[in-house]
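Spelled out, the chains give:
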Amino acid sequence: MNKYIIRLNTKRCIGCHACEIHCKTNKELPPGPILCEIRHEPLRMVKGFPKTITHFKSCHHCEDPLCIPVCPTESMKKRDDGIVYIDEEKCIGCMSCADICPWDSPQFNPETKKAVKCDYCMDRLDNGLKPACVTLCTAHALQLFTLQAV
Amino acid sequence: MRKTIWSMCGMCTVRCPIRVEVEDNKVKWIEGNPHLLNRALCGKGAAGPALVADGERPRQPLIRSGPRGSGRWDEVSWDTAYDYIAEKLHAICKEHGPESVMMSFRGGPFGDMIKAFIHGLGSPNFTNHDSTCGRNVHHASLSLYGLGRTDLIYDIKNSKHLVLFGRNILASLRVAEVNQVLDMLDNGGRLTYVDVRPTLTGVKASRFFRVRPGTDYALALATIHELIKAEAYDKEFIERFTSGFDQLVEFIKPYDSKWAAKECGIKQNHIMEFVQELAEDRPKVIFHPGWMLSRYSDSFYASRALHVLNILMGNLEVEGGQIIPKGPGDFGYKGLQSLDAQIPKPTQKRGDGVGWKHLHFDKGPGLFHLFYETMVTKDPYPIKGVICYRHDPLTCFPDPEAQKKALDNTDLLVSIDAHYSEFGWYSDVILPECTYLERDSMIAAQKGPKPRLIVRRKAVDPVFDTKPVWEILKNLADRLNFGQYFPYNTIEELWEWQLKNTDFSIEDFAEKGFIPLGDKPFLIERDKLASKIKTESGKIELVSKKLSDANLPSLKPYESPQAPPEGQFRLIFGRSPLHSHSHTINNPILHEMMPENTLWINKRIAAKLGVSEGEYVDVSSKDYGGPIKARISEQLHPEAVYMVHGFGREIPLQTRSFNAGLSDQKLMSGLLDKMDPAGGGLCLCECFVTVKRSTKNPKRRVEL
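Residues numbered from 1 in each chain as written. Chains lettered and ligands numbered in written order. Predicted model: local features only at pLDDT ≥ 70, side-chain atom pairs only at ≥ 80, totals over all residues. Heavy atoms only, no water.

### Observations concerning the domain arrangement of chain B
Residues and elements named next belong to chain B.
Part 1: Per the domain assignment, the segments making up chain B are domain 1 (3–53), domain 2 (62–132 + 338–516), domain 3 (153–323 + 527–549) and domain 4 (568–693).
Part 2: Taking only C-alpha atoms, the centre of domain 2 and the centre of domain 3 are 36 Å apart.
Part 3: Residue-level contacts link seven residues of domain 2 with five residues of domain 3.
Part 4: Of the roughly 370 Å² buried between domain 2 and domain 3, counting both surfaces, carbon and sulfur atoms make up 66%.
Part 5: Among the residues of domain 2 in contact with domain 3, Thr132, His360 and Pro449 are the three that bury the most area, contributing 75% of the side total.
Part 6: Counting the contacts that link domain 2 with domain 3 gives zero salt bridges.
Part 7: Our enumeration of links across domain 2 and domain 3 arrives at one residue pair in polar contact (both at pLDDT 80 or more).
Part 8: Its residues placed into classes, the side of domain 2 that touches domain 3 shows two nonpolar, four polar and one charged. (Domains from an automatic or database assignment. Contact = heavy atoms within 4.5 Å. Buried area = accessible area lost by both parts, 1.4 Å probe. Salt bridge = Lys/Arg side-chain N within 4 Å of Asp/Glu carboxyl O. Polar contact = N/O pair within 3.5 Å; in protein donor to acceptor, adjacent residues only side chain to side chain. Nonpolar A, V, L, I, M, F, W, Y, C, P; charged D, E, K, R; others polar.)

### Here's the deal with the pairing of strand β25 (residues 625–633) of chain B
All names here are of chain B.
Part 1: Two elements, strand β23 (residues 598–602) and β25, share five bridges in a ladder whose sense is parallel. Across the sheet, residue Asn602 finds its bridge partner in β25, namely Ser633.
Part 2: Taken together, the five bridges between strand β24 (residues 616–620) and β25 define a ladder with antiparallel strand orientation. Pairing of Ser620 across the sheet is with Gly625, part of β25.
Part 3: Where β24 folds back onto β25 in an antiparallel hairpin, the turn is made up of four residues. (Pairing = 2+ DSSP bridges. Helix = DSSP H or I, 4+ residues; strand = E, 2+ residues; numbered from the N terminus.)

### Describing the layout of surface pockets
Part 1: Looking at the second largest pocket, its volume works out to about 960 Å³.
Part 2: What lines the second largest pocket is a set of 35 residues, and nearest its centre among them are A:His17, A:His40, B:Met594, B:Trp600 and B:Arg631.
Part 3: Residues that form the lining of the second largest pocket fall into these classes: 16 nonpolar, nine polar and ten charged.
Part 4: Shared between two domains, the lining of the second largest pocket holds at least three residues of each, these being domain 3 (153–323 + 527–549) and domain 4 (568–693) of chain B. (1 Å grid on protein atoms, 1.4 Å probe; cavity = no way out; pocket = protein on both sides within 12 Å on 5 of 7 lines; lining within 4 Å. Points joined across faces, edges and corners; volume = space filled by probe spheres on them.)

### Here we look at the side chain of B:His307
Residues and elements named next belong to chain B.
Part 1: Counting through the fold element by element, His307 comes out in helix α14 (residues 299–313).
Part 2: Note on His307: relative accessible area 2%, which makes it buried.
Part 3: In this view, His307 contacts Val137, Ala140, Ser141, Leu144, Tyr145 and Pro289; residues no more than four positions away in its chain are not counted. (Buried < 20%, exposed > 50% of the residue type's maximum accessible area, 1.4 Å probe, protein only.)

### Brief notes about the interface of chain A and chain B
Part 1: The interface is formed by 38 residues belonging to chain A together with 42 residues belonging to chain B.
Part 2: Summing the contributions of chain A and of chain B, the shared interface buries around 3300 Å²; its carbon and sulfur component is 63%.
Part 3: Looking at the side of chain A facing chain B, the largest losses of area belong to A:Arg12, A:Ile14 and A:Ile21, adding up to 19% of the total buried there.
Part 4: Inspection of the region where chain A meets chain B yields five salt bridges.
Part 5: A salt bridge links A:Lys24 to B:Glu592, with the shortest nitrogen-to-oxygen separation between them at 2.4 Å.
Part 6: Summed over the shared surface of chain A and chain B, the number is 17 residue pairs in polar contact (both at pLDDT 80 or more).
Part 7: If you tally residues by element for the side of chain A that touches chain B, the top one is helix α1 (residues 18–26) of chain A, at seven residues.

### Here we look at the sheet that holds β24(B)
Part 1: Sheet architecture is closed into a barrel: six strands sit in the order β22-β26-β23-β25-β24-β27 (chain B), paired in mixed fashion. Neighbour to neighbour, the strand axes of the sheet diverge by 45° on average, direction disregarded. (Axes fitted to C-alpha atoms, helices over the stretch in contact; angles between N-to-C directions.)

### Concerning the environment of B:Ile524
Residue and element names in this part refer to chain B.
Part 1: With respect to the secondary-structure elements, Ile524 resides in the loop between β20 (514–516) and α21 (526–529).
Part 2: According to the relative accessible area criterion, Ile524 is buried, its value standing at 12%.
Part 3: Separated by 201 residues in the primary sequence, Ile524 and Ile323 have C-alpha atoms spaced 9.0 Å apart.
Part 4: Residues within four places of Ile524 in sequence aside, it is in contact with Glu317, Ile324, Lys326, Leu529 and Lys532.

### Concerning the packing of helix α4 (residues 78–96) of chain B against helix α19 (residues 469–479) of chain B
Two quantities define a packed helix pair, namely the angle between the axes and the distance from one axis to the other.
Residue and element names in this part refer to chain B.
Part 1: At a closest axis distance of 9 Å, the pairing of α4 and α19 adopts a crossing angle of 50°. Between α4 and α19, the angle is such that the two are oblique. Crossing geometry of α4 relative to α19 is assigned as right-handed. Residues Trp78, Asp79, Tyr82, Asp83, Ile85, Ala86 and His90 of α4 lie in contact with α19, whose contacting residues are Glu471, Ile472, Asn475, Leu476 and Arg479.
Part 2: The residue inventory of the contact of α4 with α19, partitioned by class, reads six nonpolar, two polar and four charged. (Parallel < 35°, antiparallel > 145°, perpendicular 65-115°, else oblique. Left-handed = near helix turned anticlockwise from the far one by under 90°.)

### Observations regarding the packing of aromatic side chains
Residue and element names in this part refer to chain B.
Part 1: If you walk through the whole model with that rule in mind, you get 27 aromatic pairs over all chains.
Part 2: Here Phe117 and Phe486 contribute two aromatic rings whose centre-to-centre distance is 6.4 Å and whose plane-to-plane angle is 65°, an arrangement assigned as edge-to-face. You can see Phe117 sitting in helix α5 (residues 112–121) and its partner Phe486 sitting in the loop between α19 and α20 (491–498), a full 369 residues away along the chain. The same class applies to Phe117 and to Phe486, which are both buried.
Part 3: With 5.8 Å between their ring centres and 85° between their planes, Tyr420 and Trp425 make a pair best called edge-to-face.
Part 4: Residue class for Trp425 comes out buried when judged on its relative accessible area of 9%. (Phe/Tyr/Trp six-rings, centres within 6.5 Å; stacked < 30°, edge-to-face > 60°.)

### Regarding a nonpolar patch on the surface
All names here are of chain A.
Part 1: A grouping of Met1, Ile5, Phe145 and Leu147 is seen on the molecular surface, where their side chains present a nonpolar patch of about 370 Å² in accessible area.
Part 2: Its location among the elements puts Ile5 in strand β1 (residues 4–8).
Part 3: With relative accessibility at 38%, the residue Ile5 sits in the partly exposed group. (Patch = residues over 30% accessible without salt bridge, like charges linked within 9 Å, V, L, I, M, F, W, Y side chains within 5 Å. Areas by Shrake-Rupley, 256 points an atom, 1.4 Å probe, with all protein chains shown as cover.)

### Observations regarding the pattern of salt bridges
All names here are of chain B.
Part 1: Tallied over the entire structure, the rule returns 60 salt bridges over all chains.
Part 2: In this structure, the salt-bridge partner of Asp130 is Arg135, at a minimum N-O distance of 2.7 Å. Each member of the pair, Asp130 as well as Arg135, carries the same accessibility label: buried.
Part 3: Measuring nitrogen to oxygen at the nearest pair gives 3.3 Å for the salt bridge that ties Asp478 to Lys474. One end of the pair is Asp478 and the other is Lys474, both in helix α19 and four residues apart, which spans about a single turn.
Part 4: The network of salt bridges with shared partners includes Arg2, Arg19, Glu21, Glu23, Glu31 and Arg39.

### A word on the pairing of strand β9 (residues 161–165) of chain B
Residues and elements named next belong to chain B.
Part 1: Burial runs high along β9: five of the five residues are buried.
Part 2: Across five bridges, the pairing between β9 and strand β10 (residues 190–195) is parallel. By the bridge assignment, Leu164 is partnered in β10 with Tyr193.
Part 3: Taken together, β9, helix α7 (residues 175–186) and β10 constitute a β-α-β crossover, and its handedness is right-handed.
Part 4: One ladder, built from four bridges, connects β9 with strand β13 (residues 285–288); its direction is parallel. Counterpart to Leu164 in the pairing with β13 is His288. (Right-handed = clockwise from strand over helix to strand, strands pointing away.)

### Points about the packing of helix α15 (residues 368–377) of chain B against helix α17 (residues 400–407) of chain B
Residues and elements named next belong to chain B.
Part 1: Axis separation between α15 and α17 bottoms out at 8 Å; the angle between their running directions is 45°. By the angle between their directions, the pair α15 and α17 is classed as oblique. Crossing handedness for the pair α15 and α17: left-handed. Where α15 abuts α17, its residues Tyr372, Met375 and Val376 lie against Gln403, Ala406 and Leu407.

The structure is reproduced here in structure tokens:
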């Protein structure tokens, strides 16, 4: 079972997209790949108020990921805590993972010529820290939850 | 091994405190100072490392080799550039006097050195960008309290009701303030938002007034009217601390909610419900008096009316109201030594007329745009040298072509900036400053409920041959024979000199990144409040003596804004949370997020023009125009079109931003002369543009 989940408190989200950039800066990504996203519909008027709903999207870290079996070099892996990540050493940048993923989670990094995806900043998690997007969110709207079996 | 650097962000002018992790001279992590911002940082702040790595910025000093603006440059050494500037300034000072040199600064806490430089040279002409920003708000505040714009801060977190007239507080954002607003909302507070278009701030509002452009003053007047009529104001506060209330009562009589509802295009019962809420929530109500309010010809009076509403709420030095920021002295600390304070103040008249021709304006930075007139008329003296530090007047002020004509009367234009600016591109010399992550700054004192000392620290070594401003100005001052006013050779020596009278040393910043000067905020008791009001009369002057002396009304009768001529629209501009005006447009990462601006058009109007979302429209004014993609908005007022400021840049070396989107300031033909005579702000929204469906939209394609 997945151990972690990131939740967006839409009451606090101001739609500033900072999470996307914090992610890119932390992972030292050039223009191109965007590993997490705030999505919102254009503002509509509802009973005299501008309204929209913001959604946060990053890799779902599927229970049974499609990207793992298609990887020809076995560089896509799933940890015991559920995090699906890429072993960059082994990745050849064929992007089979991106082709099979229904949500376009793996993306091509034009600098390394390899695939890159959200790994919940597992290096930070392993050091007792939270992912970059959660830690740095302008409005403290993103939250990391550790799930427990009940 | 990673090391921590405590510093200050520099991606916009808020300057959030940051903590940077560096390894092998590379920035690995940036976060908001955990002691002050709980690590939060905005998207612009996150794009700082991309700025450092970006080669599309001036990499070494440049001296113009072709005509101004031609983009032909000689790459020179720092010594050559210093010598060149010093020689030119010497010649100007000799022929016209030092007052013929002016220096502009984009604002912020580290201005002491900039003032010291121009005053050390012997010129009174220190100025800044504020006549296209908060000058109306500042002067409105001064006319009432004798206190400037930054002499009042807002305890938003503890307020019950925040009222914003066009202040898009969650997009033109300050991280700490955003969290205050959200905390206030989480605690059940109310947010009333007034604007001509729906915004993400409006999304969070509990009351949204979509008004006709230019009618903020009407809504503020009606709110005053109804509050007074309902006697829902702090009578004791008015009685004790203000003068001129009777005149206000008389003046406000015609401006009731029925009138305002019609004028603003909103419902009367909504105004009445709003007034009822204010009555319930006071004194913990904050009317934000505006930030960037150089907009309409009555913006000064609109801001003044918002201040009056605060006064009616009696919210001064009240929890959840307006707070007078405290300085080091209020907590028994000695202040910093100031470079500027040791220099005899130049006694010549200011070149912009402020202080002698215009007596009701604050002399401090004067009004930049008035120097343009002086450049042409040479009255009271010619302006021959212009130095802009981190300021791009050609993007900041309207009508750059008119500005260039005036600048052509000068002998020397110098841009000190980490970026290519439109002004820099037109200058004679560009002195490239290192980016904020590559430089140290002097120490500054920051007033607030809890005052503190702050400093910017270099996180990484400069990538290119760029220098920090403290070194640039020191070198120029030495060459111009007033180096004694810059009593340092290294930044460490400057810090030591600044801290001389205090008990602190630079090491004291190591723990938290700042030095706290008082941890327990306090409110000034009502009995002692009168001494904090700095008008001549010692009262909050609802009718200002200063304005009366200048033959200007304090309570100006309302004039309805002109409706745009047939086929034209009022051009409204604003900000996005992802760009800081023009200087981030070319940032590789921020450009990826928002590569160009769009023109917001009302849905009904767009249908009439035959334009759909994403199609090009041609926007034009008298002297400028171009294509821009349309964005259809359901509730933007039909009289208005809207765009984000800062785009439409024309610097070929900035390949990403070159001609991306359209520039609002270039569309503002003739607005350089349109100043609010009472507030000193320019009226940047008094601009009408023509919008047509563009021929750029492909109909068919016949290329084989």
